[in-house]
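Descriptive structure summary
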Amino acid sequence: MSKVVVMDHPLIQHKITKIRDKRTGAKEFRELVNEIAMLMTYEATRDLQLEEIEIETPVAKTKAMILTGKKLGIVPILRAGLGMVDGILELIPVAKVGHIGLYRDPETLLPVEYYCKLPNDISEREILLVDPMLATGGSAVAAINFLKEKGAKKIRFLCLIASKKGVETLSAACPDVDIYAGVVDEVLNDHAYILPGLGDAGDRLFGTK
Ligand code: PRP
Ligand code: URA
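Before going into details, it helps to say that this report is about the structure given with it. (Residues numbered from 1 in each chain as written. Chains lettered and ligands numbered in written order. Predicted model: local features only at pLDDT ≥ 70, side-chain atom pairs only at ≥ 80, totals over all residues. Heavy atoms only, no water.)

1. Some thoughts on the side chain of Asp 203
- Its place among the elements puts Asp 203 in helix α6 (residues 201-206).
- Residues within four places of Asp 203 in sequence aside, it is in contact with Arg 79, Thr 208 and Lys 209. (Helix = DSSP H or I, 4+ residues; strand = E, 2+ residues; numbered from the N terminus. Contact = heavy atoms within 4.5 Å.)

So, in structure tokens, the structure goes:
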């Protein structure tokens, strides 16, 4: 089964409460989503590989650690995943960014793909797949299967709010993908919205309805 990491850091919890609040407008919502994504990236990259190299400071020779191993790629699920990209790039500015466009059909609630553009060396990169919401899990599973078809081997999924069902579905379908969630909410409503959740993440980010 997937490793599931739920962020218990007070800063993350505080900021998630702010984005849940319906009084939070699009400007502040966007800023907070990026800040949470940045803080979550710190945790989700804790096990990146390091190697020791020799360097010279202005006063002495020393051994010190630098990142080694695979380079990173960030893949937001459009639209709402876009809101997390800048925050992650603040920490990992050299990461390449791919995009997968999916929307949930309002009748079937199943994901429909409408866009895909990925780095051509995707098989050599560790991928951070990002979407603020993991509701039924359908979009995340579809995106992961798609990334794997294109050659991705190591994928971590980052979301701000997950539902219990979404975590179960994703973990069962993609046990090799670790899940990093800001918080896990109990239920989905009849339209597969997370409760209490934060509403429609894409609409709140971009001010649409
Ligand atoms: C939302 C969200 C996820 C998906 C989650 O996107 O950003 O991609 O729903 O739901 P699921 O786990 O049940 O698949 P939406 O389809 O509303 O598209 P948008 O980002 O363009 O608003
Ligand atoms: N997509 C959203 O934006 N919000 C939800 O609660 C579920 C899916």
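2. Overview of the site of ligand 1
- Taken together, the neighbourhood of ligand 1 is formed by 15 residues, with Arg 104, Asp 131, Thr 136, Gly 137 and Ser 139 sitting nearest.
- Contact distances for ligand 1 include 2.9 Å between an oxygen atom and a backbone N or O atom of Gly 137.
- Cavity membership is defined here by more than half of the atoms lying within 2 Å of grid points; on that basis ligand 1 lies in the largest pocket.
- Counting only elements with at least two residues in the shell around ligand 1, the list comes to β6 (99-104), β9 (133-134) and α4 (138-149).
- Looking at the shell around ligand 1, its residues break down into six nonpolar, five polar and four charged. (Near = heavy atom within 4 Å. Polar contact = N/O pair within 3.5 Å; in protein donor to acceptor, adjacent residues only side chain to side chain. 1 Å grid on protein atoms, 1.4 Å probe; cavity = no way out; pocket = protein on both sides within 12 Å on 5 of 7 lines; lining within 4 Å. Sits in = over half its atoms within 2 Å of the grid points. Nonpolar A, V, L, I, M, F, W, Y, C, P; charged D, E, K, R; others polar.)

3. Brief notes about the packing of α4 against helix α5 (residues 164-173)
- One way to put it is that α4 packs onto α5 with a least axis distance of 9 Å and a crossing angle of 20°. Looking at the two axes, α4 sits roughly parallel to α5. When you trace α4 past α5, the crossing you get is right-handed. For the pair formed by α4 and α5, the contact residues are Ala 140, Val 141 and Ile 144 on the first element and Thr 169, Leu 170 and Ala 173 on the second. (Axes fitted to C-alpha atoms, helices over the stretch in contact; angles between N-to-C directions. Parallel < 35°, antiparallel > 145°, perpendicular 65-115°, else oblique. Left-handed = near helix turned anticlockwise from the far one by under 90°.)

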